[in-house]
Amino acid sequence: MTTVLIISGSILLLVILGLVYRILTLVSIAKNKNASAEKTSFSNKVNAFLFPLLFVIGFIAIYWYSGIAKEDFLPEAASVHGKSTDFLFWLSLGIVGFAFFITHILLFFFPYFYQYKKENKALYYPDNNTLELVWTIVPAIVMAILVVSGWFTWSEITKPAPSDSVQLEIMGKQFNWQVRYPGKDKTLGKHHFTKIDATNSMGVDFTDRASLDDFMPREIHIPKGKNVLLNIRSRDVLHSVFLPHFRVKMDAVPGMPTSFWFVPTKTTTEMREELGNPDFNYELACTEICGSGHFAMRFILVVDDPEEYEKWFNEQEPWASKNKDYLTSIGIDIESSKQLVATDK
Amino acid sequence: MASTALEQDLTASHDHDEHHDHEHVENFFTKYVFSYDHKTIAKQFLLSGMFWAIIGGMLSLIFRLQLGFPDANLEVLKPILGDWITAEGKLDTEFYLAAVTMHGTIMVFFVLTAGLSGTFSNFLIPLQIGARDMASGFMNMLSYWFFFISGLIMFVSLFIETGPAGGGWVIYPPLSALPQAISGSGLGMTLWLVSMALFIVSSLLGGVNYIATIINMRTQGMSFAKLPLTIWAFFVTAILGVLSFPVLFAAALLLIFDRSFGTSFFLDEIYIAGEALSNVGGSPILFQHLFWFLGHPEVYIVLLPALGISSEIIATNSRKPIFGYRAMIGSILGIGFLSFIVWAHHMFVSGMNPFLGSIFMFLTLIIAVPSAIKAFNYITTLWKGNIIFTPAMLFSIGLVSLFISGGVTGIILGNSAIDIQLHDTYFVVAHFHLVMGSASFFGMMAGVYHWFPKMFGRMMNAKLGYIHFWLTFIGAYLVFFPMHYIGIAGFPRRYYSFTNFDAFSSYTDLNAFISIAAIITVGAQFIFLFNFLFSIFRGRYAPKNPWKSNTLEWTTPRLPGHGNWPGKIPSVYRWPYDYSKPGAEDDFIPQHIPLSETKESNLPGENEMLKELEKGAS
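### Examining the environment of Leu 24 of chain A
At step 1: For Leu 24 of chain A, the location among the structural elements is in helix H1 (residues 2-34).
At step 2: Among the residues examined, Leu 24 of chain A registers a relative accessible area of 18% and is labelled buried.
At step 3: For the pair Leu 24 of chain A and His 294 of chain A, spaced 270 residues apart in sequence, the C-alpha to C-alpha distance is 51 Å.
At step 4: Leu 24 of chain A has contacts with Asn 461, Lys 463 and Leu 464 of chain B, leaving out every residue within four places of it along the chain.

Here it is, written out as structure tokens:
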């Protein structure tokens with residue numbers, strides 16, 4: 001039934017288009033007889049007028065809608081570097097928005113002012129080196145400013161993380177994130193992809209004693225105002241760690257560990273108050289296509305006050321203690337290993 | 001002296017014609033199918049490009065329905081999509097990714113590379129430089145048929161059970177290398193790679209031919225400084241293609257090895273589907289470097305022909321010389337050169353060394369300068385013109401607008417610090433759909449409207465063209481401009497739905513709005529399709545030079561036959577932009593009119609040159 005409807009509808013549409021075409025052709029032939037010397041018709045005036053009209057309507061719409069859309073933009077960055085990249089973004093947007101506006105005034109009003117008129121003749125104006133020089137140098141200077149400011153910010157963001165950073169490891173896999181903290185020794189144990197199995201999904205190497213106190217929470221917690229270093233890896237395909245509120249993004253690459261460090265500036269509680277949304281949570285998303293569940297790789301991140309963070313950190317139970325059976329099954333006696341750790345100290 | 005040379009030329013071309021008359025017996029296959037004639041090959045590329053544009057457009061509507069109306073029941077599409085619609089009437093998530101992937105691949109390669117450059121390079125190069133055909137008609141024929149087979153394979157991949165490739169048009173491994181990771185990386189990906197390998201062969205055969213023809217076969221007097229800007233653009237485009245496509249070929253080949261022969265060029269330390277793979281030592285980042293070494297020049301392979309076409313059309317219909325001819329050539333060359341050294345700006349957050357990021361940010365932002373020159377030159381060409389709005393002219397002005405609005409956001413994205421947040425969000429989608437997708441598409445449309453009379457000897461209906469333009473122009477902005485807002489809000493690309501995240505749960509209205517705008521815009525293309533097909537058979541007969549243009553193609557008969565000019569190929573005496581020259585009787589002087597016939601309008605320099613020539617002749 002639907003198919004019949006669609007087919008008959010399409011045929012009808014084609015017939016209508018055919019008739020319109022026929023009429024337009026006949027009309028133009030009839031008109032041309034009267035005014036065969038005319039180069040253009042009334043349409044030329046209509047088209048010329050539509051450009052400035054579109055300009056006015058278009059820019060009013062942009063202005064009006066930007067006001068509304070702003071409501072749904074992300075709130076002010078919750079990280080130190082995010083403030084500077086946001087500033088750069090709005091600065092650049094201001095500059096290019098201005099260029100967009102000015103060029104479109106010219107581009108959309110010239111067609112109106114210089115539309116074909118029988119008595120007019122176009123100006124033979126093939127070149128002007130001064131003008132060319134002006135619009136080479138001015139964009140070049142603007143670009144130079146943007147490059148330099150961008151370069152300073154970029155170098156600041158990508159310089160090596162300070163040694164006192166809070167460390168944690170984020171691993172992407174199809175289709176969720178897993179997180180590991182170094183535990184009380186502040187050192188992440190080794191890992192290797194051949195150690196991965198159904199239980200030990202991060203492939204932690206438990207023969208490395210540093211692994212024994214590592215814990216793997218269900219939410220990321222980080223302390224406000226401290227340097228936080230994310231050690232990022234993937235165990236299958238490319239993923240990308242995206243923390244939109246902190247302006248953080250870095251790909252997770254199998255075989256090549258990556259990292260990103262930043263300083264969070266607002267706790268989850270502060271953000272909830274600021275937004276008036278008691279359910280607000282910082283979220284971690286994936287931004288590198290990774291398969292059917294790409295759109296659902298959500299993980300919660302909580303920013304605590306440093307004291308709360310310490311409290312949370314100390315409450316966490318190491319993965320190894322929770323999974324003693326597993327360790328026994330791979331031949332590691334956790335009690336004796338722990339003693340070894342103790343004697344090391 | 002001069003007259004002897006002229007006579008020789010005459011006899012030479014005369015012999016050539018006789019040769020055609022006597023020996024060239026054509027049947028249906030040699031004339032329309034395996035044709036050596038550049039005009040027929042151009043039409044083959046155009047029709048194939050249009051076919052692919054419909055498929056690519058329809059795919060975009062399918063995923064726009066999903067994005068705009070995530071709750072809708074898509075049971076109606078079951079007859080077309082079969083099992084890709086789940087029992088609950090939802091689009092399959094992997095099919096969504098496959099649709100996105102195929103939309104990108106088809107639009108970038110089959111529509112905007114083959115359909116645009118293939119059509120107009122083939123059609124215009126011999127006609128505008130004054131040559132009887134391409135340097136090698138045989139290679140040119142092969143170029144089309146390699147493209148055809150490539151397309152056939154890609155088309156077949158749409159219908160196989162595991163679906164077409166689904167890892168994004170950039171096919172980053174390991175996702176694209178491992179069938180365990182996504183079903184599209186099975187047979188679909190193999191077909192994708194084979195198809196692209198053949199596509200690259202086609203593109204190289206075409207490119208080498210374009211370059212050889214432009215360098216060697218220009219008619220008498222057609223120096224590089226007298227070439228129309230279209231030809232300059234096609235020339236640089238062909239060079240970009242010849243230099244960069246082989247790199248994609250290498251990447252595709254290595255990926256084929258990784259997929260089928262157990263090598264590890266791009267694979268390292270992978271545990272998937274319950275087993276640790278034996279592949280170690282490769283680098284997924286290496287693939288990204290190789291891919292974007294083509295991928296970025298590809299953007300300009302798509303865009304430059306469109307810019308060349310619009311230069312020609314804007315000058316013709318403003319009845320003014322293009323402003324800054326030499327600056328335009330310079331910026332084409334500059335853009336062409338720079339396009340090779342900016343590729344890693346697609347990879348700022350890929351994990352590559354941040355120092356490399358700084359270098360590529362610097363190089364990327366330089367490219368804004370030649371682009372700005374081009375935009376300002378177009379605008380100055382309109383200034384004090386006497387503008388006639390043909391549909392081609394409207395599309396060209398539209399192109400300049402889209403080139404600016406999409407180009408300026410490139411300055412933002414090229415800044416590595418800002419790109420951290422915007423990378424792989426809808427801001428990027430908005431940017432390249434405006435500057436590369438829409439602008440190039442508009443160039444293609446402008447070209448079709450402008451050269452249709454030369455292609456088919458008939459006129460397209462102008463009024464339908466105006467309606468088509470305004471719907472498409474406004475539609476393109478309504479679809480892609482709002483995506484900036486969604487991008488600023490952080491929405492990632494290639495998401496099946498946004499409901500899983502609180503951060504991305506806004507803008508449902510805007511997404512629905514974009515989808516509706518997309519449906520209308522795609523629908524408007526059927527006006528064009530109808531106009532195009534109907535006018536081939538029923539359009540008014542075209543006059544010889546309908547737009548009163550200067551370039552050589554308008555000196556051929558209404559429907560040029562094999563060899564393009566029945567008699568001698570015209571010689572060229574002037575640049576192609578002598579519009580509204582002071583003192584001239586009409587507002588245009590075609591390239592083949594000698595300076596000696598236009599003494600009243602010659603510039604002082606030209607008169608001196610003429611005197612020199614006359615002295616030499618006597």
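On we go.
### Section: the sheet that holds strand S8 (residues 282-286) of chain A
Residue and element names in this part refer to chain A.
At step 1: What the five strands build is an open sheet, ordered S3-S9-S8-S5-S6; its pairing is mixed. Two strands bound the open sheet, and with one partner strand each, they are strand S3 (220-223) and strand S6 (248-252). When strand polarity is set aside, the average angle formed by the axes of neighbouring strands in this sheet is 25°.
At step 2: Across five bridges, strand S5 (residues 239-243) lies against S6 in antiparallel orientation. Bridging across to S6, Phe 242 finds its partner in Lys 249.

### Things to note about the interface of chain A and chain B
The extent of an interface is frequently quoted as the accessible surface area lost upon association of the parts.
At step 1: On the side of chain B, 126 residues touch chain A, which itself brings 109 residues to the contact.
At step 2: Here chain A and chain B share an interface that buries about 10,400 Å² over both sides, 71% of which is from carbon and sulfur atoms.
At step 3: Area buried by chain A at its contact with chain B is led by Tyr 21, Tyr 124 and Trp 154 of chain A, which between them contribute 9% of it.
At step 4: In this assembly, chain A and chain B are joined by one salt bridge.
At step 5: Close ionic contact of Asp 502 of chain B with Arg 298 of chain A constitutes a salt bridge, the shortest N to O distance being 3.3 Å.

### Section: the domain arrangement of chain A
All names here are of chain A.
At step 1: Segmenting chain A into domains produces domain 1 (42-158) and domain 2 (166-344).
At step 2: Computed from C-alpha atoms alone, the centre-to-centre distance between domain 1 and domain 2 is 43 Å.
At step 3: Facing the 14 residues of domain 1 at the interface are 15 residues of domain 2.
At step 4: When domain 1 packs against domain 2, the two sides together hide about 1,200 Å² of surface, and 57% of this comes from carbon and sulfur.
At step 5: Ranking the residues of domain 1 by area buried against domain 2 places Leu 74, Pro 75 and Ala 78 at the top, with a combined share of 43%.
At step 6: In this structure, the connection of domain 1 to domain 2 is made through one salt bridge.
At step 7: Ionic pairing is found between Asp 86 and Arg 247, a salt bridge with its closest N-O pair at 2.7 Å.

### Description of a nonpolar patch on the surface
At step 1: There is a patch of nonpolar side chains on the surface, built from Ile 7, Ile 11, Val 15, Leu 19, Ile 23 and Val 27 of chain A and spanning about 540 Å² of accessible area.
At step 2: Locating Val 27 of chain A in the fold gives a position in helix H1.

### Brief notes about empty space enclosed by the protein
Residues and elements named next belong to chain B.
At step 1: Within this structure, the stated rule accounts for three cavities of 30 Å³ or more.
At step 2: Roughly 1,100 Å³ of internal volume is contained in the largest cavity.
At step 3: As for the largest cavity, its lining consists of 45 residues, of which Ser 60, His 103, Met 107, His 433 and Phe 480 are closest to the centre.
At step 4: Secondary-structure elements contributing two or more residues to the lining of the largest cavity are helix H3 (38-68), helix H5 (93-129), helix H15 (426-456), helix H16 (462-488) and helix H17 (508-538).
At step 5: A per-element tally of the lining of the largest cavity places H15 first, with eleven residues.

### A short note on H3 of chain B
At step 1: Here H3 of chain B spans 43 Å end to end across 31 residues, near enough to the 45 Å set by a 1.5 Å rise per residue.
At step 2: Of all 31 residues in H3 of chain B, 24 are buried; the element is thus mostly enclosed.

### Overview of the packing of aromatic side chains
At step 1: Applying the stated criterion across every chain, the model contains 105 aromatic pairs over all chains.
At step 2: Relative to Phe 532 of chain B, the ring of Phe 456 of chain B has its centre 5.7 Å away and its plane inclined at 90°; by these criteria the two rings are edge-to-face. Pair noted here: Phe 456 of chain B is in helix H15 and Phe 532 of chain B is in helix H17, with a separation of 76 residues, a long-range link.
At step 3: Residue classification places Phe 456 of chain B among the buried positions, given a relative accessible area of 14%.
At step 4: For Phe 532 of chain B, a relative accessible area of 0% corresponds to the buried category.
At step 5: The ring of Phe 313 of chain A has Lys 186 of chain A lying over it, and the distance from NZ or CZ to the ring centre is 5.1 Å.
At step 6: The residue whose ring lies beneath Lys 249 of chain A is Phe 242 of chain A, and the NZ or CZ to ring-centre distance is 4.1 Å.

### Considering the environment of Thr 113 of chain B
Residues and elements named next belong to chain B.
At step 1: Examined against the element boundaries, Thr 113 turns out to sit in helix H5.
At step 2: Residue classification places Thr 113 among the buried positions, given a relative accessible area of 6%.
At step 3: Sequence-wise, Thr 113 and Thr 237 are 124 residues apart; in three dimensions their C-alpha atoms are separated by 10.0 Å.
At step 4: Of note is the side chain of Thr 113, whose polar atom sits 2.5 Å from the side chain of Glu 298.

### With respect to the pattern of salt bridges
At step 1: The final tally for this structure, using the stated rule, is 18 salt bridges over all chains.
At step 2: The closest approach of N and O atoms between Glu 274 of chain A and Lys 266 of chain A, which form a salt bridge, is 3.0 Å.
At step 3: When its relative accessible area of 45% is taken as the criterion, Glu 274 of chain A is described as partly exposed.
At step 4: Of the charged contacts, one joins Glu 614 of chain B and Lys 599 of chain B as a salt bridge, the two residues approaching to 3.9 Å between their closest N and O atoms.

### A look at the pairing of S5 of chain A
All names here are of chain A.
At step 1: By the criterion of burial, S5 is predominantly enclosed, with five of the five residues buried.
At step 2: Of the two faces of S5, the one carrying His 239, Val 241 and Leu 243 and the one carrying Ser 240 and Phe 242 are both buried.
At step 3: A loop of four residues connects S5 with S6, the two strands running antiparallel in sequence, and Arg 247 in this loop sits at a positive phi of about 55°.
At step 4: Of the strand pairs in this sheet, S5 and S8 are connected by two bridges, and their pairing is antiparallel. Bridge pairing links Phe 242 to Ala 285 in S8.

### Examining the sheet that holds strand S4 (residues 228-234) of chain A
Strand pairing in a sheet relies on backbone hydrogen bonds. The paired strands run either parallel or antiparallel.
Residue and element names in this part refer to chain A.
At step 1: Overall, mixed pairing links the four strands, which are arranged S2-S1-S4-S7 in an open sheet. Edge strands, defined here as strands with exactly one partner in the open sheet, are strand S2 (176-180) and strand S7 (258-262). Each adjacent strand pair in this sheet contributes to an overall mean axis angle of 25°, direction not counted.
At step 2: Sheet topology places strand S1 (residues 166-173) next to S2; five bridges connect them, and they run antiparallel.

### Some points on the side chain of Ser 580 of chain B
At step 1: As for its position among the elements, Ser 580 of chain B is in the loop between H17 and helix H18 (604-617).
At step 2: When sequence neighbours within four positions are dropped, the list of residues in contact with Ser 580 of chain B reads Lys 121, Ala 122 and Tyr 124 of chain A together with Arg 319, Asp 587 and Phe 588 of chain B.

What counts and how
Residues numbered from 1 in each chain as written. Chains lettered and ligands numbered in written order. Predicted model: local features only at pLDDT ≥ 70, side-chain atom pairs only at ≥ 80, totals over all residues. Heavy atoms only, no water. Helix = DSSP H or I, 4+ residues; strand = E, 2+ residues; numbered from the N terminus. Buried < 20%, exposed > 50% of the residue type's maximum accessible area, 1.4 Å probe, protein only. Contact = heavy atoms within 4.5 Å. Pairing = 2+ DSSP bridges. Axes fitted to C-alpha atoms, helices over the stretch in contact; angles between N-to-C directions. Buried area = accessible area lost by both parts, 1.4 Å probe. Salt bridge = Lys/Arg side-chain N within 4 Å of Asp/Glu carboxyl O. Domains from an automatic or database assignment. Patch = residues over 30% accessible without salt bridge, like charges linked within 9 Å, V, L, I, M, F, W, Y side chains within 5 Å. Areas by Shrake-Rupley, 256 points an atom, 1.4 Å probe, with all protein chains shown as cover. 1 Å grid on protein atoms, 1.4 Å probe; cavity = no way out; pocket = protein on both sides within 12 Å on 5 of 7 lines; lining within 4 Å. Points joined across faces, edges and corners; volume = space filled by probe spheres on them. Expected span 1.5 Å × (residues − 1). Phe/Tyr/Trp six-rings, centres within 6.5 Å; stacked < 30°, edge-to-face > 60°. Lys NZ or Arg CZ within 6 Å of the ring centre and 35° of its normal. Polar contact = N/O pair within 3.5 Å; in protein donor to acceptor, adjacent residues only side chain to side chain.

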